[in-house]
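Structure assessment
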Amino acid sequence: MADIFLSYRRHDSQSATGRLSDRLAAHFGPARVFLDHESIAAGDDFAEAIRRAVGTSVVLLAIVGPDWLTACDVNGKRRLDDEADFVRLEIESALLGGVPVIPVLVEGAVMPTAAALPPTLARFTRCQAMELSETRWNYDVDRLIATLQARFAIESEQAIPGSSGASDGRINFFARLALDLLELTAHPTRLIARQQTGHALDHVRAFMFLLSVLVLGNLAFLLGIGVTSLAEWIAVGVILGVLTLTLLTALLTLAWRLVGTRIEFRQVTLIFAYIYSGSWIGFCAGALLAATGVQLVAPQVFTDYLAIVRTGAPLAQRMAEARTLLENALHGPAAALFVFACLVWGSAVVWTIVAWGAFRNSFGCGRVKATLATVLWAAMLLILMQLAAWAARNL
């Protein structure tokens, strides 16, 4: 899935669109530019591929040429009046899905009026347009590229002038991490789809993103409970997080295969890494609020619990004593912050359900198959948890 979606009519602006696509691909990389048939794999459903590409793109560039508005089919009917017209569907999908639309005027074209468009495209006329003139083509395209980078933070494969130092690389890494976290929070399925370019680097980026989130989450949680030996705790938390992700992914891969979808473990891992990261951040954010409240009321509660853990008491005893400690601390500010923590955890659950749709979008399957795979995965996970609980009690 690409960041920049190019919507155009072949008989209206194919030449200009091709030139623009070449410039954008040279600057941002071919994987970040979607150009209909060139970006659709053989055997894919064309209409479904277009819908998914629009929904997961960062911005849609609507290339408007001289005949964009008046183009007709073989029967003499204007194409924009056809509800199945692909250009109309692309722009409608973007407007309905909240994807920014930039009209790009080429070959002397002008913006159409709202009265000349179908009602579903009326909002298109209120989108700020950019003109690419033949006499100043390179200058206008440079302005468009600058707008895409400044407004939508689309990464470029070209090095930034004067940024060859290691410090610039660290700044870019943390800036990209922050932007990805924001995008993951607001549009999880879009972010996950954009990370699947088909390159081996996709999995490296997903793993690095997961590690960064695990470190941040553990750091926030441990700061909340007042633990000082951060390095040891974070290391243990990261290792447990990676092992948990691996186990969950293996079970989910098996579930998808049982419902008849031929996928690989690495495909599931790539998607699940981002969903797991978002869920973990949500959990840790809520835990930080709850722990901060407890620290305000009873600063020693976590120290007392850690002392109980170090005694090697049975799990049931440790859980009972932990419940007693928390019940004694949950009043006043602690109770108020715990309510907010519950709201954060509830939001994280809703977010996870929405983000889970990334599997269906990426694998191109229906809701029934996706639901069945999820149910099978949950059942296997429940059975595994029951076995683990039995082993803890009896072994």
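Report follows, based on the coordinates. In this numbering scheme, every chain counts its residues from 1 along its sequence in written order. Local features in a predicted model are, by the rule used here, given only for residues with pLDDT of at least 70; side-chain atom pairs are given and counted only at 80 or more, and totals for whole chains, interfaces and linings are based on all residues. In computing side-chain properties, one takes all heavy atoms of the structure into account and sets aside hydrogens as well as water.

Some details on unusual backbone geometry
For residues besides glycine, phi is generally negative; the peptide bonds are generally trans as well. Positive phi outside glycine occurs at E107, with the angle close to 55 degrees. Mapping E107 onto the fold places it in the loop between β4 (101–106) and β5 (130–132). The classification of residues rests on relative accessible area computed with a 1.4 Å probe and restricted to protein chains. Under 20% of the type maximum is buried, over 50% is exposed, and intermediate values are partly exposed. Of the residues examined, E107 reaches a relative accessible area of 36% and is grouped as partly exposed. Comment: elements are numbered from the N terminus, with helices defined as DSSP H or I runs of at least four residues and strands as E runs of at least two.

With respect to the pattern of salt bridges
Whenever Lys or Arg places a side-chain nitrogen within 4 Å of a carboxyl oxygen from Asp or Glu, that contact is recorded as a salt bridge. For the structure on display, the rule yields nine salt bridges. A salt bridge links D142 to R23; the nearest nitrogen and oxygen atoms lie 2.6 Å apart. A residue pair is termed long-range when its members are at least 10 positions apart, and D142 in helix α4 (residues 137–152) and R23 in helix α1 (residues 10–28) qualify at 119 residues. A residue is classified by how much of its surface remains accessible, and D142, at 41% relative accessible area, is partly exposed. For R23, a relative accessible area of 25% translates into the label partly exposed.

Structural notes on the sheet that holds β5
Pairing in this open sheet of five strands is parallel, and the strands run β2-β1-β3-β4-β5 from one edge to the other. Edge positions in the open sheet fall to β2 (33–34) and β5, since each of these has one partner strand only. DSSP-based pairing: two strands are paired if at least 2 bridges between them are found. Of the pairings in the sheet, the one linking β4 to β5 comprises three bridges and is parallel in character. Note that in β5 the partner of V106 across the bridge is L132. Whether two residues are in contact is decided by their heavy atoms, any of which lying within 4.5 Å being enough. In this analysis, axes come from line fits to C-alpha atoms, helices being fitted only over the stretch in contact, and the angle between any two N-to-C directions falls in the range 0 to 180 degrees. Relative to strand β3 (residues 59–64), α1 is tilted by about 145 degrees, and along the sheet it contacts β1 (4–7), β2, β3, β4 and β5.

Points about the side chain of T249
Here T249 shows up in helix α8 (residues 230–258). T249 has contacts with F265, V268, T269 and F272, leaving out every residue within four places of it along the chain.

Some points on the pairing of β4
When you tally the buried positions in β4, you get six out of six residues, the bulk of the element. Covered by surrounding structure in β4 are V101, P103 and L105 together with I102, V104 and V106, the residues of both alternating faces. For β3 and β4, the ladder comprises five bridges, and the chain directions are parallel. Paired with A62 across the bridge in β4 is P103. We call a crossover right-handed when, viewed with both strands directed away from the observer, the connection leading from the first strand over the helix to the second proceeds clockwise. Handedness of the crossover is the feature at issue here: the chain leaves β3, passes through helix α3 (residues 86–97), returns alongside β4, and the resulting connection is right-handed.

Examining the packing of aromatic side chains
What counts as a ring pair is set by centres within 6.5 Å for rings of Phe, Tyr and Trp (its six-membered ring), and what kind of pair is set by the plane angle: stacked under 30 degrees, edge-to-face over 60, tilted for all other angles. In the structure shown here, the tally under the stated rule is 12 aromatic pairs. Ring plane angle 40 degrees and centroid distance 6.5 Å describe the contact between W256 and F359, whose orientation is recorded as tilted. Here W256 is found in helix α8, whereas its partner F359 is found in helix α13 (residues 357–363), with 103 residues between them in sequence. Classification of F359 as buried rests on a relative accessible area of 1%. A centroid spacing of 6.1 Å and a plane angle of 85 degrees characterise the contact between F272 and W377, whose relative ring orientation is edge-to-face. Of the two residues, F272 is situated in helix α9 (residues 265–297) and W377 in helix α14 (residues 367–394); the sequence distance between them amounts to 105 residues. Residue F272 is classed as buried on the basis of its relative accessible area, which comes to 4%. Look at W377 and you get buried, because its relative accessible area is 12%. Positioned above the aromatic ring of W137 is the side chain of R19, whose terminal nitrogen or guanidinium carbon lies 4.1 Å from the ring centre. Note on geometry: a ring has a charge over it if NZ (lysine) or CZ (arginine) is within 6 Å of the ring centre and within 35 degrees of the ring normal.

Some remarks on the environment of L117
When you line up the elements, L117 lands in the loop between β4 and β5. In contact with L117, not counting residues within four places along its chain, are W68, L69, R78, L80, P112, F124 and T125.

Focus on the environment of L288
Relative to the assigned elements, L288 resides in helix α9. Overall, the relative accessible area of 30% leaves L288 in the partly exposed class. In this structure the C-alpha to C-alpha distance between L288 and G217, which are 71 residues apart in sequence, comes to 9.1 Å.

Some words on the pairing of β1
Both faces of β1 are covered, namely the face carrying I4 and L6 and the face carrying F5 and S7. As defined by bridge partners, β1 adjoins β2 across two bridges and the pair is classed as parallel. Residue pairing across strands places I4 opposite V33, the latter belonging to β2. Once you follow β1 into α1 and on to β2, the crossover reads as right-handed. Bridge count between β1 and β3: four bridges; the pairing is parallel. When the bridges of β3 are listed, L6 appears paired with L61.

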